[in-house]
Amino acid sequence: MGATVSELTVVSIAVAPGAPVAKGQKLAELESDKSAFDFESPAAGTILEVRGAPGAVMTSGQPLFRMQTEDEAVRHLAVVGGVPTVAAPAAAVRALQWTPRALKLAQEAGLDHAKVSDIEATGPGGRVSGDDVVKYLAARRG
């Protein structure tokens, strides 16, 4: 969601619990006060639970789906016991957590996200957002 969007309405749900999904597959259609859009799976996996229904209003940060995946790129989205998890820092260096969009933008720009340590992470939960990557790349271009 954008920085100014605090809630979304679920227009439709395209998957059911137990369904295997591919990365990028449409899971739901959502609508804000400004637009409607498809919500796509951030990783390949299996849908465990659907927490919204058509017509439901979901607030920012509220999970819509629970899924099982082996994709380490979305580890920052893990929720255990209803509480989002944050990976423990490796040694004395805090590993940055990246949103799926940020990872995609970094890869497209030829960056190894595991080696980038000087980027400002302003996304939800202190993660690197797509906007952070855009700003970082612009600053590097000078």
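Structural data are supplied above this passage.
These lines cover the structure that appears in this document, whether it is placed above or below.

Thresholds applied
Residues numbered from 1 in each chain as written. Predicted model: local features only at pLDDT ≥ 70, side-chain atom pairs only at ≥ 80, totals over all residues. Heavy atoms only, no water. Pairing = 2+ DSSP bridges. Helix = DSSP H or I, 4+ residues; strand = E, 2+ residues; numbered from the N terminus. Axes fitted to C-alpha atoms, helices over the stretch in contact; angles between N-to-C directions. Buried < 20%, exposed > 50% of the residue type's maximum accessible area, 1.4 Å probe, protein only. Arc of directions from axis to C-beta. Contact = heavy atoms within 4.5 Å. Parallel < 35°, antiparallel > 145°, perpendicular 65-115°, else oblique. Nonpolar A, V, L, I, M, F, W, Y, C, P; charged D, E, K, R; others polar. Core = buried A, V, L, I, M, F, W, Y, C linked by side-chain atoms within 4.5 Å. Phe/Tyr/Trp six-rings, centres within 6.5 Å; stacked < 30°, edge-to-face > 60°.

### Brief notes about the sheet that holds strand β3 (residues 26-31)
Here is step 1: The strand order across the open sheet built from 4 strands is β4-β3-β1-β6, with neighbouring strands paired in antiparallel fashion. Looking at strand neighbours, the two that pair on one side only are β4 (36-40) and β6 (57-59), the edges of this open sheet. When the angles between neighbouring strand axes are averaged without regard to direction, this sheet yields 40 degrees.
Here is step 2: Here strand β1 (residues 7-13) runs beside β6; their pairing, made up of 3 bridges, is antiparallel. Within β6, the position partnered with T9 by the bridge is V57.

### Some words on the environment of E120
Here is step 1: Relative to the helices and strands, E120 resides in the loop between α1 (100-108) and α2 (130-141).
Here is step 2: As for E120 and V133, which are separated by 13 residues in sequence, their C-alpha atoms are 8.6 Å apart.

### Considerations on α1
Here is step 1: All of the buried residues in α1 are A102, L103 and A106. Angularly, the buried residues of α1 cover 100 degrees about the axis, an arc narrow enough to put them on a single face. More than 90 degrees from the buried face of α1, the exposed residues found are K104 and E108.
Here is step 2: Contacts from the buried residues of α1 go to α2.
Here is step 3: Among the residues trailing α1, G110 stands out with phi positive, at a value near 80 degrees.

### Describing the packing of α1 against α2
Here is step 1: Remark: α1 packs on α2, axes separated minimally by 7 Å, with the N-to-C direction vectors making an angle of 30 degrees. As judged from the angle between their axes, α1 and α2 are roughly parallel. Packed against α1, whose contacting residues are R101, A102, L105 and A106, the element α2 presents G130, D131, V133 and V134 at the interface.
Here is step 2: Of the residues in the contact of α1 with α2, the class split is 5 nonpolar, 1 polar and 2 charged.

### Focus: the nonpolar core
Here is step 1: Judged by nonpolar contacts, L96, W98, A102, L103, A106, L111, V116, I119, V128, V133, Y136 and L137 together constitute the single largest core of 12 residues.
Here is step 2: Of all the secondary-structure elements, those providing two or more residues to this core are α1 and α2.

### Quick look at the packing of aromatic side chains
The geometry of an aromatic ring pair is captured by the separation of the ring centres together with the interplanar angle, meaning the angle of the planes.
Here is step 1: For the structure on display, the rule yields 1 aromatic pair.
Here is step 2: Between the aromatic rings of F39 and F65, the centroid separation amounts to 6.1 Å while the plane-to-plane angle is 5 degrees, which identifies the pairing as stacked. Of the two residues, F39 sits in strand β4 while F65 sits in strand β7 (residues 65-68), which places them 26 residues apart along the sequence.
Here is step 3: We classify F65 as buried; its relative accessible area is 14%.

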